[in-house]
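Fold and geometry: a report
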Amino acid sequence: MPRFQLTARAVRRQVLNSQAVIIGLEAAEIAASAIPGQFVELKVPGVLWRRPMSIYRRIGDVIEILVAIVGPGSRALAQLIPGGSIDIIGPLGNGFPIDGSDGDVVDDVVVAGGFGIAPFPFLVQRLREVGRTPRIFLGGRTKDQLFRQDLPAERISVATEDGSAGEQGKVVPLFASFADAVPERIERMRVYACGPTPMLRALQHAVASRGIRAWVSVEREMACGIGICQGCVVGAAGSDAYLLACKDGPVFDASAIVL
Ligand SMILES: Cc1cc2nc3c(=O)[nH]c(=O)nc-3n(C[C@H](O)[C@H](O)[C@H](O)COP(=O)(O)OP(=O)(O)OC[C@H]3O[C@@H](n4cnc5c(N)ncnc54)[C@H](O)[C@@H]3O)c2cc1C
Ligand code: FES
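Here the structure is a predicted model, which is why all the values come from computation and not from measurement.

**Structural notes on the site of ligand 1**
In the neighbourhood of ligand 1, 19 residues make up the surrounding shell, with Pro 52, Leu 66, Ala 68, Gly 73 and Ser 74 lying closest. Within the backbone of Ala 68, an N or O atom sits 2.7 Å from an oxygen atom of ligand 1. Between ligand 1 and Gly 73 there is a distance of 2.7 Å, counted from an oxygen atom to a backbone nitrogen or oxygen. About the coverage of ligand 1: the protein hides 75% of its 860 Å² of free accessible area. Those elements that place two or more of their residues in the shell around ligand 1 are β4 (51-54), β6 (62-68) and α2 (72-78). Element by element, the count of residues in the shell around ligand 1 is highest for β4, at four residues.

Take a look at the structure:
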């Protein structure tokens, strides 16, 4: 898989709320070779380690990232304005397995919690290019944690913990009720998930108990991003071995890892 280091010019900045910004970066080589689920590492001035961000969407030569402001790196990144530039490396990691090998998939399903939505506009884009429109389950603590502006509205089901949008509750039970209502489709269902670790753990259980195939994108704090520092360990299921989120992931078969 090719990997590029380049200085990307910012061409777009969209503020979603006080905690979230979308930045568009001109990065032709990365845009041309990336697949959904991959990420880039950005060298944010004044911050020691590069910061990993999923590729949110691809528009021509531009890749977009959705930045959740949680600390100094993301805060500085969120201030990048059009005309500014930043050093980035990518595409990194693997991606969601959507092409070919899964045969005749009938039910693509996305399950995302909060900022876990980040890799999915790109995935939805790719699936639609091959004639597949996934069903999308979105969850957040409140409606302010739902980022659905770049997803097909008619396919989205929502759960919020405070009931401020959609069903009151968590997103995994919402997905599980859907799955239970269509038992005849379970066998050909493919689930792609990203979100906080407790949510992914609940999803692992929900899919394992129903025999549904699923892939999860995990977050680990990262330094090198390319498999050298061993800083992003994920336990392998059924053994003492470990995997690296940056190199073996960040997308894993849900049955292959311990969260
Ligand atoms: C493969 C991958 C893809 C990611 N994609 C996105 C994305 O698309 N959008 C986005 O906003 N964020 C994404 N993240 C998380 C993002 O990289 C971190 O939030 C960011 O690096 C934090 O840097 P900071 O300097 O702002 O905060 P820091 O001061 O470094 O951290 C602030 C707080 O966030 C926690 N934190 C830091 N890094 C992570 C992490 N990787 N996972 C969970 N908690 C963390 C810290 O423990 C601390 O509590 C991704 C992470 C990975 C590994
Ligand atoms: S971040 Fe260095 S090995 Fe994964």
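**Some points on the confidence of the model for the chain**
When pLDDT is averaged across the chain, the result is 93; 97% of the residues are at 70 or more. Per-element mean pLDDT across the chain ranges from 93 in helix α3 (residues 120-129) up to 98 in strand β2 (residues 20-26).

**Here we look at the nonpolar core**
Formed by 37 residues in total, the largest nonpolar core has its most connected members in Val 111, Phe 175, Met 189, Val 191, Leu 203 and Val 218. When contributions to this core are tallied by element, the ones reaching two or more residues are β7 (85-92), β8 (107-113), α4 (171-181), β12 (189-194), α5 (197-210) and β13 (213-217). Looking at which element gives the most residues to this core, the answer is α4, with six residues. For this core, the domains that each give at least three residues are domain 1 (4-92) and domain 2 (107-217). Contact partners of Val 111, with chain neighbours within four places excluded, come to Phe 120, Phe 137, Val 171, Phe 175, Val 191, Tyr 192, Ala 193, Cys 194, Met 199 and Leu 203.

**Topic: the sheet that holds β12**
Here we have seven strands laid out as an open sheet, ordered β11-β10-β9-β8-β12-β13-β16, and mixed in their pairing. The sheet terminates laterally at β11 (167-168) and β16 (251-253), the two strands that pair on one side only. Note: strand β10 (residues 156-160) against β11, two bridges, orientation parallel. When the sheet's bridge partners are listed, Thr 160 is paired in β11 with Gln 168. Packed onto the sheet, α4 meets β8, β9 (135-140), β10, β11 and β12 and runs at close to 155° relative to β9.

**Quick word on α3**
Owing to its 3.6 residues per turn, the α-helix brings residues three or four apart onto one side. Among the 10 residues of α3, seven are classified as buried, and the element is accordingly described as predominantly covered. Restricting attention to buried positions, one finds in α3 the residues Phe 120, Pro 121, Phe 122, Leu 123, Val 124, Arg 126 and Leu 127. Elements that come into contact with the buried residues of α3 comprise β5 (57-59), β8, β9 and β12.

**Focus: the pattern of salt bridges**
A complete count under the given rule lists 11 salt bridges for this structure. Between Glu 129 and Arg 126 there is a salt bridge, with the nearest N and O atoms lying 2.7 Å from each other. Of this pair, Glu 129 and Arg 126 both sit in helix α3, three residues apart, which is roughly one turn of the helix. Salt bridges linked by common partners bring Arg 12, Arg 57, Glu 64 and Asp 150 together as one network.

Thresholds applied
Residues numbered from 1 in each chain as written. Chains lettered and ligands numbered in written order. Predicted model: local features only at pLDDT ≥ 70, side-chain atom pairs only at ≥ 80, totals over all residues. Heavy atoms only, no water. Near = heavy atom within 4 Å. Polar contact = N/O pair within 3.5 Å; in protein donor to acceptor, adjacent residues only side chain to side chain. Areas by Shrake-Rupley, 256 points an atom, 1.4 Å probe, with all protein chains shown as cover. Helix = DSSP H or I, 4+ residues; strand = E, 2+ residues; numbered from the N terminus. pLDDT = per-residue confidence, 0-100. Core = buried A, V, L, I, M, F, W, Y, C linked by side-chain atoms within 4.5 Å. Buried < 20%, exposed > 50% of the residue type's maximum accessible area, 1.4 Å probe, protein only. Domains from an automatic or database assignment. Contact = heavy atoms within 4.5 Å. Pairing = 2+ DSSP bridges. Axes fitted to C-alpha atoms, helices over the stretch in contact; angles between N-to-C directions. Salt bridge = Lys/Arg side-chain N within 4 Å of Asp/Glu carboxyl O.

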